[in-house]
Amino acid sequence: MSGLALMGRGLFALATLGVAAPPQAVGQQGRLAGLDAYVERAMVAWQVPGLALAIVKDDSLVYAKGYGVREVGTQKSVDTNTVFGIMSMTKAFTATAMGMLVDEGRVRWDDRVIDHLPGFYVYNDWVTREVTIRDLLSHRMGVERGDFLWFGTGFTRDELVHHIRYLRPVAGFRAAYGYSNNMFITAGQLIAAVTGMNWDDVIRKRIFEPLGMTSSCTSVWELSHFENRASPHEELNGMLQPVPYRSLDNEAPGGSINSTVLDMARWARFQLAGGEFEGRRLISREALAETHAPQTLIPISETTRRLSPGIHFSAYGFGWQMQDYRGRKLIQHSGGIDGQRSRIALMPEENLGVVILTNRGRQNMLYDAIRNWVLDAYLETSGNDWSAEFLAVMREQEAEGAKERERTERERVSGTSPSLSLDRYTGLYLDSAYGKGRVSLQDGALVIEIGPEIRGVMEHWHFDTFRIVWDYAYLGDMLATFRLDAAGRVVELELPGWWPTFRRVADLVPVVGGPRRP
Amino acid sequence: MKYRRVVGWLSMLVLSLVAVAPLSAQLPDGLDDYIEKVRTDWNVVGIAVAVVKDDSLVYAKGFGLRELGKPERVDEHTLFAIGSNSKAFTAAGIGILVDEGRMSWDDRVVEHLPWFQLYDPYVTREITVRDLLSHRSGLGRRGDANWYATDFSREEVVRRIRHLEPNSSFRSRAGYQNTMFLAAGLVTDAVTGVTWDEFIKSRIFQPLGMSRSNTSTLDLASDDNVASPHQPFDGTVKVIPYRNLDNVAPAGSINSSVWEMTHWLRAMLGEGEFAGERLLSDSVVREVHTPNIIYPMGPQTRKLFPSMHFSTYGLGWGLRDYQGRLVAGHTGGIDGMLSQVTLVPEEELGVVVLTNTSNRGSFNAITWYIVDSYLGVPTRDWNALFLQLNQEAEKAAAEQQRKREEGRVKATSPSLPLSEYVGTYDNDMYGTMTVSEEDGKLVCRRHTAFVGDLEHWHYDTFVAKWRDLSMSAGPGTEFTFTLGSNGKVTGVTVQGVDEFMRVEKPEPEGTEQ
């Protein structure tokens with residue numbers, strides 16, 4: 001392992017691997033000729049500071065390389081042992097762990113969740129009774145996404161599972177695909193309930209250890225053990241800069257794993273081998289196949305069609321998304337959070353796996369451009385300049401966004417002022433699911449705080465609508481509207497999009513101590 | 001357009017690797033001989049096949065006889081029952097109403113049929129028209145006994161479905177459901193004020209020039225080119241009567257010819273347009289060809305179609321990927337009539353196969369042979385493959401029957417004298433059935449068509465031998481009577497249907513203890 005840590009360049013990587021390099025590795029080099037230069041060029045185009053890439057083929061690592069730097073403004077290069085967040089690629093670990101419990105007869109995919117977590121409750125009694133483990137793992141619950149239950153709230157996993165009962169239905173039960181991190185948190189808590197161990201220990205003992213994923217962990221708090229780690233980056237005010245790691249501890253079963261491309265290559269080989277790694281079986285072929293089988297259909301957008309040649313079907317399995325790509329089945333997942341984006345893609349018919357980890361957040365589709373390049377190389381259909389095609393799509397999306405912002409600006413009514421003096425908008429605002437919001441006057445401006453962490457300044461827009469400029473600039477701006485009752489008192493704050501409408505429940509008074517939340 | 005280019009390129013790739021494949025997409029050589037061989041190998045009396053490509057009819061031909069023992073030959077205009085291929089018409093009918101803004105796919109069914117009710121109140125409230133058309137109600141393939149050969153009306157069949165306990169949780173998995181398609185037809189009635197039949201005729205058949213196509217076996221009498229259904233009885237093929245499907249029509253009652261079906265195929269492949277006239281919007285065509293539920297792929301399907309990764313159902317259409325293309329299709333089957341419709345939109349290819357003899361796969365052998373040829377991929381010996389599957393299925397059925405015979409306990413007799421089994425039996429879902437004693441034997445009767453002679457099997461189990469010709473082909477239906485603690489018959493479980501409870505004879509007044 002220490003030898004691998006020294007690898008700087010891909011071609012050397014193959015040479016260094018020496019004994020591990022199978023005879024076909026020479027052929028792979030041929031197939032992958034030009035990849036190196038392509039990645040480097042594309043990284044400039046996309047302004048991605050650091051990237052690590054691994055390719056496994058026929059149960060061997062055939063390519064592994066780091067590119068660029070771990071943090072802008074430093075000379076610390078990314079190599080194949082650099083630790084990145086893999087975010088939602090974690091979901092497949094949760095699903096695989098569940099499959100192990102299925103093998104042991106401790107759960108069945110179609111067990112009702114309430115049989116294992118009696119406190120689990122969703123918006124409707126009948127649905128509560130019917131929800132199965134299969135539903136938790138396949139994004140078909142029909143409730144709102146609700147990421148701000150966990151993002152920046154400090155709620156524990158148990159508290160999050162409790163709060164799921166307040167999430168509102170947005171589609172019929174099992175009628176549509178609706179991505180839900182909260183259901184994966186629930187699945188993780190179900191694993192904990194069944195095993196008597198926390199989810200993190202299950203993943204470590206049952207997956208990391210047997211696969212030899214020695215540079216992988218389930219919490220950002222463990223990153224201090226790894227000096228060789230990538231810093232997350234976001235473009236803020238036109239400048240690409242490092243941002244802090246986000247703790248995903250409360251959302252862990254949906255996205256908290258940190259890993260390296262070498263470790264993830266082991267994971268990819270294990271998945272492609274149907275649950276076996278170097279002669280040792282960790283999960284039955286059947287249980288793993290169930291995680292790779294489609295459960296919930298995903299609508300295919302025009303953009304997806306453009307960027308996924310030969311796609312006719314897209315679906316979610318358990319912790320994996322799957323589709324057809326040029327006549328083959330592609331099993332994959334992306335991951336993303338503040339300052340980081342990643343991708344794993346498996347093509348079982350070609351016994352091929354690709355892992356791409358990057359340390360840039362928004363405005364980054366580079367990892368998928370590289371995925372397509374590699375897949376096409378193995379399918380012998382190269383010819384698309386995927387980086388350029390993805391870049392064009394992103395530019396179009398940015399133009400759309402700009403148009404939308406212009407439209408919003410145009411619709412702004414000038415010469416209005418708030419109905420009330422600013423101090424009368426202050427107060428404690430509450431929502432059953434999302435907790436406590438606080439609007440206060442700070443230096444003459446309204447400031448909104450939701451939970452312990454999310455904070456934004458409210459600038460007057462028109463009438464009783466304010467524009468919130470978030471401290472986490474990458475959350476984007478948002479228009480929020482206060483509602484007054486007949487007596488002229490503020491009663492509600494409508495936050496479109498991610499949050500529901502908060503009720504104003506009290507004036508602000510100075511308080512210390514007491515429980516963390518009301 | 002780009003899409004097509006990519007696909008074309010892919011097929012080129014395959015071509016370059018396999019020299020034996022034909023060099024251009026076309027009808028396979030010797031198709032006539034192939035179909036005739038399939039017909040003979042499968043012992044099918046008559047087959048009609050048509051192919052459309054790039055909005056043109058490129059093949060339409062009949063093989064064999066319309067009816068065994070009569071000289072008239074099947075041609076491309078011969079009418080057959082298309083069975084469940086009717087489902088796509090029902091979905092298109094709803095699509096027309098969606099285009100007109102009179103309803104939407106996601107309307108709740110109870111908004112249109114306020115009396116509609118399923119087993120669970122929540123499901124009753126939530127179920128949508130989309131659910132009706134995509135086999136995801138959770139009821140599974142059950143409830144067919146309520147319409148098949150019964151006297152119930154369409155509405156009665158749908159009304160009774162409330163008694164059917166779901167066999168999987170709502171929308172959790174696919175379960176083929178004819179009664180839900182019937183309900184979709186009733187939604188059409190409710191929205192348009194005319195019957196489903198009139199609507200399909202005036203809004204689909206007429207604009208497509210399908211003037212001889214109809215929605216009832218009762219309409220067949222006036223046509224002089226109609227295929228008769230056939231069924232093998234211990235290996236001997238015989239003519240059987242048409243099964244009337246009026247009470248489940250939107251799920252399967254259409255009769256048509258391959259000639260007229262090609263108009264329908266061209267309309268679907270033409271994104272809703274046929275001969276310059278628009279029948280459906282392209283968005284409706286896309287919608288019916290967009291998957292709503294996953295169908296699990298068994299080992300047999302995987303073996304037959306290694307390039308298939310997804311098997312799903314849209315709205316009245318099965319949707320799969322095959323050799324990198326989307327294939328939309330359906331099979332149809334009712335007493336003595338088997339059919340298959342297949343579309344490969346990226347190739348603008350459509351194939352329809354209609355047959356008039358019960359069989360497990362002659363249509364498959366023909367369809368995939370033609371599709372492979374147009375895709376330019378190396379074909380397989382589909383006829384041999386499906387014949388082998390058929391043999392295996394027949395062997396399995398024979399084995400099952402052998403085991404059943406083996407499991408029969410000899411030298412038992414019914415617990416009670418036959419007269420004690422006589423009575424009326426009732427089931428909320430399936431209605432009333434009587435058992436009477438006639439000439440020293442028990443006879444069961446349900447609706448007009450179900451008359452069965454109950455032959456003693458063992459203990460209190462009898463086997464009903466149906467007098468209806470097409471039903472008489474099978475091994476019969478097991479009737480197991482149950483006795484209460486008082487030693488009297490309390491009910492009977494009918495194999496494959498449900499338990500019917502004996503209706504107590506009213507006791508004479510004053511005898512109550």
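Residues numbered from 1 in each chain as written. Chains lettered and ligands numbered in written order. Predicted model: local features only at pLDDT ≥ 70, side-chain atom pairs only at ≥ 80, totals over all residues.

## As for the overall build of chain B
Looking only at helices and strands, chain B has 15 helices and 22 strands in total. Rg of the C-alpha trace for chain B: 25 Å, near the compact-globule value of 24 Å for 513 residues, within the 12% margin. For chain B, the spread of C-alpha atoms along the three principal axes comes to 85 × 50 × 45 Å. For chain B, buried positions account for 47% of its 513 residues. Long-range contacts, defined here as pairs at least 24 residues apart, represent 62% of the contacts in chain B between residues at least 6 apart. (Helix = DSSP H or I, 4+ residues; strand = E, 2+ residues; numbered from the N terminus. Rg over C-alpha atoms; globule rule 2.2 N^0.38 Å. Buried ≥ 20, exposed ≤ 12 C-beta atoms within 10 Å, placed from the backbone. Contact = placed C-beta atoms within 7 Å.)

## Things to note about the overall build of chain A
Helices and strands together make up the secondary structure of chain A, namely 17 helices and 22 strands. In terms of overall dimensions, chain A has a C-alpha envelope of 80 × 50 × 45 Å along the principal axes. Out of the 518 residues in chain A, the part that is buried amounts to 48%. Considering only contacts within chain A whose residues lie at least 6 apart along the sequence, 61% involve residues at least 24 apart.

## Overview of helix 5 (residues 90–103) of chain A
Across its 14 residues, helix 5 of chain A extends 20 Å between first and last C-alpha, which sits within 8% of the 20 Å expected from 1.5 Å per residue. Of all 14 residues that make up helix 5 of chain A, 13 are buried, and the element is covered over most of its length. (Expected span 1.5 Å × (residues − 1).)

## Topic: the pairing of strand 4 (residues 230–233) of chain B
Residue and element names in this part refer to chain B. Relative to strand 5 (residues 236–239), strand 4 runs antiparallel, the two being bridged by four bridges. Looking across to strand 5, one finds that Pro 232 is bridged to Val 237. Counted between consecutive antiparallel strands, the loop separating strand 4 from strand 5 contains two residues, among which Asp 234 sits at a positive phi close to 50°. (Pairing = 2+ DSSP bridges.)

## Focus on the interface of chain B and chain A
Listed by partner, the interface residues are 22 residues for chain B and 19 residues for chain A. Elements that contribute at least two residues to the side of chain B that touches chain A include exactly helix 1 (2–17) and helix 5 (121–126) of chain B. When residues in the side of chain B that touches chain A are grouped by element, the largest group, three residues, is from helix 1 of chain B. Grouping the amino acids of the side of chain B that touches chain A by side-chain chemistry returns nine nonpolar, nine polar and four charged. (Nonpolar A, V, L, I, M, F, W, Y, C, P; charged D, E, K, R; others polar.)

## A closer look at the sheet that holds strand 16 (residues 431–438) of chain B
All names here are of chain B. Sheet architecture is closed into a barrel: eight strands sit in the order 15-16-17-18-19-20-21-22, paired in antiparallel fashion. Going across the sheet, the axis of each strand differs from the next one's by a mean of 30°, ignoring polarity. Pairing of strand 20 (residues 477–483) with strand 21 (residues 489–494), which is carried by five bridges, proceeds in the antiparallel orientation. Bridge assignment links Thr 480 to a residue of strand 21, and that residue is Thr 493. (Axes fitted to C-alpha atoms, helices over the stretch in contact; angles between N-to-C directions.)

## Details of helix 11 (residues 199–211) of chain A
All names here are of chain A. Taking 1.5 Å of rise per residue, 13 residues should cover 18 Å, and helix 11 covers 17 Å from first to last C-alpha, within 8% of that figure. For helix 11, the principal kink sits at Lys 205 and spans about 30°. Those residues of helix 11 that fall on the buried side of the exposure criterion are Trp 199, Asp 200, Val 202, Ile 203, Arg 206, Ile 207 and Phe 208. Those residues of helix 11 that are buried are in contact with helix 5, helix 10 (181–195) and helix 12 (252–255). Positive backbone phi, approximately 65°, marks Gly 212, located one or two places after helix 11. (Bend = angle between axes of the 7 residues up to and from the residue.)

## Notes on the sheet that holds strand 1 (residues 50–57) of chain A
Residue and element names in this part refer to chain A. If you walk across this open sheet you meet the eight strands as 2-1-14-13-12-11-10-9, and the pairing is antiparallel. With one partner strand each, in any of the chains shown, strand 2 (60–68) and strand 9 (296–297) form the two edges of the open sheet. Packed onto the sheet, helix 13 (residues 261–272) meets strand 1, strand 2, strand 13 (340–347) and strand 14 (352–358) and runs at close to 30° relative to strand 1.

## Points about unusual backbone geometry
Residues and elements named next belong to chain B. Even without glycine at this site, His 135 takes up a positive phi of about 55°. Summarising the element assignment, His 135 is placed in the loop between helix 6 (129–132) and helix 7 (154–160). When the 25 C-beta atoms within 10 Å are taken as the criterion, His 135 is described as buried. Located in the positive-phi region is Tyr 459, a residue other than glycine, with phi close to 45°. Along the polypeptide, Tyr 459 turns up in the loop between strand 18 (450–458) and strand 19 (461–466). We classify Tyr 459 as partly exposed; it has 13 C-beta atoms within 10 Å.

## A word on the pairing of strand 18 of chain B
Residue and element names in this part refer to chain B. Pairing of strand 17 (residues 441–446) with strand 18 involves five bridges; the strand directions are antiparallel. Within strand 18, the residue paired with Arg 446 across the bridge is Phe 450. Note: strand 18 against strand 19, six bridges, orientation antiparallel. Opposite Leu 454, over in strand 19, you have Ala 464 as the bridge partner. From the end of strand 18 to the start of strand 19, which pair antiparallel, there are two residues, and Tyr 459 there has a positive phi angle of about 45°.

## Description of the confidence of the model for chain B
Here chain B shows a mean pLDDT of 93. Residues at 70 or above account for 94%. Here residues 1–23 of chain B is modelled with pLDDT under 50, and outside its nearest four sequence neighbours on either side it reaches 25 contacts, counting other chains as well. (pLDDT = per-residue confidence, 0-100.)

## Thoughts on the confidence of the model for chain A
When pLDDT is averaged along chain A, the result is 92, and 93% of the positions lie at 70 or above. Below a pLDDT of 50 lies the segment residues 1–27 of chain A, which in the model reaches 31 contacts outside its immediate sequence neighbourhood of four places, other chains included.

## Regarding the environment of Glu 380 of chain A
As for its placement among the helices and strands, Glu 380 of chain A is situated in the loop between helix 16 (366–378) and helix 17 (386–410). Residues Glu 380 of chain A and Thr 156 of chain A lie 224 residues apart in sequence; the distance between their C-alpha atoms is 48 Å.

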